[in-house]
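# Summary of structural features
Below, each chain spelled out in residue letters.
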Amino acid sequence: MLEIKKVDNFIRYFLVAVPAAFLLFNKYPYLQIFSVILLIIISLIFFLLKFSIINQNKDILFLLLIIYFYFIISYLFSGQNLKLFFTYKFLRYDGNFFFCYILFFVLSVPFFNYRKALNIYFKISFFIFTLVSLFGITEYLFGKTLYTIQSDPYAGKFFHAFNVTHNATGSVYSIICIFALVFFLREKNLYKKIIYIFVLASCMLGLFITKSRGSYVGFAMALIFVLWMNYRSVKKFFISISIIIGASVPFIYITGAYKRILQIFDFKATTLVRFDLWERAWNLFSSSPIFGVGFGRYNDNFDYTRLQGIRGFFNLYIDPNFIINDAHAHNAYLQFLSETGIFGLFLLLLFWFLCFYKINRACINTKDEFSKKVYLCGLGSIINLLIISLTENYLSATTVMVCVSIIIALSLGLIWQDNKLKINNID
């Protein structure tokens, strides 16, 4: 019986963490999908057995249910049919929001130890990302474009790992770099600290050669936030910032990342394309600012004369001209404003604010070192996500959202577990 229990526990914790192993392999999406579906099945079984949801998540899950309901109503009212909603293509592209956020429900069922699950999650993430990064760096330095490196006339050589795009790779590397930074800063054991600085350096090199400008900015902003939260001292903050910048400059130069950083301020080429996409999103939002033109409708071929309702208030696009692909507004806020209006974006930002508030409060109050690391990682990932969403629709992008959903959902679970231990100790 003891051996069976050990195997059962291993399977549970491994399955919770295994989606992290596929974050750099979205060329093969069924790997990620299969791992998440297994988690859903296990979670559903335990929920049906105990009907248990952790208290820490109830208000967050209720708000998320409202968002799901509102987005589905928006989808249906804009002339799209229910059959299309359940297709793989829709859930992969226009409707990937529903897949990305389902892990909040799955991981709110307490069928495992959150502390152990997080420990395995971080170990798998650090191992996979460091390994793939070293592989990519080797290809990059030897000028190869075989597996993880591609070439572009505008960006030059860039690292995409085994993902379809370099931006998807850059987004998750910017998150993992924050994780590695937190573990390095908080670790007291010298041997482990050396391991974490190696992981951090490897992943930062991987981030640099993705040539993803939005990911650079997101990482930089999250880094500033994490350093301040960790030290709460102006002197230590500026010393650590100076050390990181000084150590990074040679790598930024060698990898050519400085050219992409300079292009952030160059309003040409891809930046101009983004302006066109943002203008389109803004025009759609202006047509129907309160509720948007309909969830999943941004990338459909638009005929503005087919909008029905009251312009400037409630104006849905109901033409049965559905185009399902990966086109988007390259700005998550404008994407949700155009499709779901002020109401939809407000609900989504309220959801993230609530997550941030709960984790930040726990981070301030905890005395446990591992919990402190987890909460700082969670807070840093939210800051990063909100920043990178200014240039891509990352608030519903599967690759980065699976990464963030897991760490935030597990962080909320850890808060519940820590509180439960405190109550038991008091009793």
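Description of the structure in this document. Because the structure is predicted, anything quoted here is derived from the model rather than measured.

Along its length, the protein chain carries 17 helices and four strands. Relative to the compact-globule value of 22 Å for 427 residues, the protein chain shows a C-alpha radius of gyration of 22 Å, a close match. Dimensions of the protein chain, computed from the C-alpha atoms along their principal axes, are close to 65 × 55 × 45 Å. Taking all 427 residues of the protein chain together, 55% fall into the buried category. Residue pairs at least 24 apart in sequence account for 75% of intrachain contacts in the protein chain once pairs closer than 6 positions are excluded. Accessible surface for the protein chain amounts to roughly 19600 Å². Of this, 71% is attributable to carbon and sulfur atoms. Averaging the locations of the 38 positively and 20 negatively charged side chains of the protein chain gives two centres separated by 9 Å.

Before going further, it helps to spend a moment on the nonpolar core. Grouped together as the largest cluster of nonpolar side chains are 140 residues, with contacts concentrated most on Phe 97, Tyr 101 and Trp 352. When residues no more than four places from it in sequence are discounted, the contact partners of Phe 97 are Leu 64, Ile 67, Tyr 68, Phe 71, Phe 295, Phe 336, Leu 348, Leu 395 and Ser 396.

Given two aromatic rings, their pairing is described by the distance between the two centres and the angle made by the two planes. Counted by the stated rule, this structure contains 49 aromatic pairs. Centroid distance Phe 135 to Phe 162: 6.4 Å. Interplanar angle 35 degrees. Geometry classified as tilted. Here Phe 135 is found in helix H8 (residues 114-141), whereas its partner Phe 162 is found in the loop between strand S2 (156-159) and helix H9 (166-186), with 27 residues between them in sequence. Looking at Lys 193, its charged tip hangs above the ring of Phe 184, at a distance of 4.6 Å from the centre. Across the ring face of Tyr 298, the terminal group of Arg 280 is positioned such that the distance to the ring centre comes to 5.1 Å.

Our next topic: the side chain of Asn 360. Residue position: Asn 360 is located in helix H15 (residues 332-365). You can call Asn 360 buried: its relative accessible area is 19%. Once residues within four sequence positions are removed from consideration, Asn 360 is found in contact with Met 229 and Leu 379.

Moving on, we get to the state of the cysteines. By definition, a disulfide links the sulfur atoms of two cysteine residues through a covalent bond. For the structure on display, the rule yields zero disulfides. In this structure Cys 177 is a free cysteine whose sulfur lies 5.3 Å from that of Cys 203, the closest cysteine sulfur available. Owing to a relative accessible area of 0%, Cys 203 belongs among the buried residues under this scheme.

Take helix H3 (residues 58-77) next. It helps to recall that an α-helix has 3.6 residues per turn; residues three or four apart then point in one direction. Relative to the 28 Å expected for 20 residues at 1.5 Å per residue, H3 spans 28 Å between its end C-alpha atoms, a close match to the ideal helical length. Turning to H3, its buried residues are Ile 60, Leu 61, Leu 63, Leu 64, Ile 67, Tyr 68, Tyr 70, Phe 71, Ser 74 and Tyr 75. Positive backbone phi, at 85 degrees, marks Gly 79, one or two positions downstream of H3.

What follows is about a nonpolar patch on the surface. Together, Leu 141, Phe 142, Tyr 253, Ile 254, Tyr 258 and Leu 262 make up a nonpolar patch on the protein surface, roughly 740 Å² of accessible area in all. Of all the secondary structure elements, the ones that give two or more residues to the nonpolar patch are helix H12 (234-254) and helix H13 (257-263). Assignment of secondary structure puts Ile 254 in helix H12.

Taken N-terminus to C-terminus, the directions of H9 and helix H11 (residues 213-231) make an angle of 15 degrees; their axes are 9 Å apart at the nearest point. Looking at the two axes, H9 sits roughly parallel to H11. The handedness of the crossing between H9 and H11 comes out as right-handed. Contact residues: Asn 167, Gly 170, Ser 171, Ser 174, Cys 177, Ile 178, Leu 181, Val 182, Leu 185 and Arg 186 in H9; Ser 215, Phe 219, Ala 222, Leu 223, Val 226, Leu 227, Asn 230 and Tyr 231 in H11. Classifying every residue of the contact of H9 with H11 by side-chain character gives eleven nonpolar, six polar and one charged.

Definitions and cut-offs
Residues numbered from 1 in each chain as written. Predicted model: local features only at pLDDT ≥ 70, side-chain atom pairs only at ≥ 80, totals over all residues. Heavy atoms only, no water. Helix = DSSP H or I, 4+ residues; strand = E, 2+ residues; numbered from the N terminus. Rg over C-alpha atoms; globule rule 2.2 N^0.38 Å. Buried < 20%, exposed > 50% of the residue type's maximum accessible area, 1.4 Å probe, protein only. Contact = heavy atoms within 4.5 Å. Areas by Shrake-Rupley, 256 points an atom, 1.4 Å probe, with all protein chains shown as cover. Lys, Arg positive; Asp, Glu negative; His and termini not counted. Charge placed at Lys NZ, Arg CZ, Asp CG, Glu CD. Core = buried A, V, L, I, M, F, W, Y, C linked by side-chain atoms within 4.5 Å. Phe/Tyr/Trp six-rings, centres within 6.5 Å; stacked < 30°, edge-to-face > 60°. Lys NZ or Arg CZ within 6 Å of the ring centre and 35° of its normal. Disulfide = S-S within 2.5 Å. Expected span 1.5 Å × (residues − 1). Patch = residues over 30% accessible without salt bridge, like charges linked within 9 Å, V, L, I, M, F, W, Y side chains within 5 Å. Salt bridge = Lys/Arg side-chain N within 4 Å of Asp/Glu carboxyl O. Axes fitted to C-alpha atoms, helices over the stretch in contact; angles between N-to-C directions. Parallel < 35°, antiparallel > 145°, perpendicular 65-115°, else oblique. Left-handed = near helix turned anticlockwise from the far one by under 90°. Nonpolar A, V, L, I, M, F, W, Y, C, P; charged D, E, K, R; others polar.

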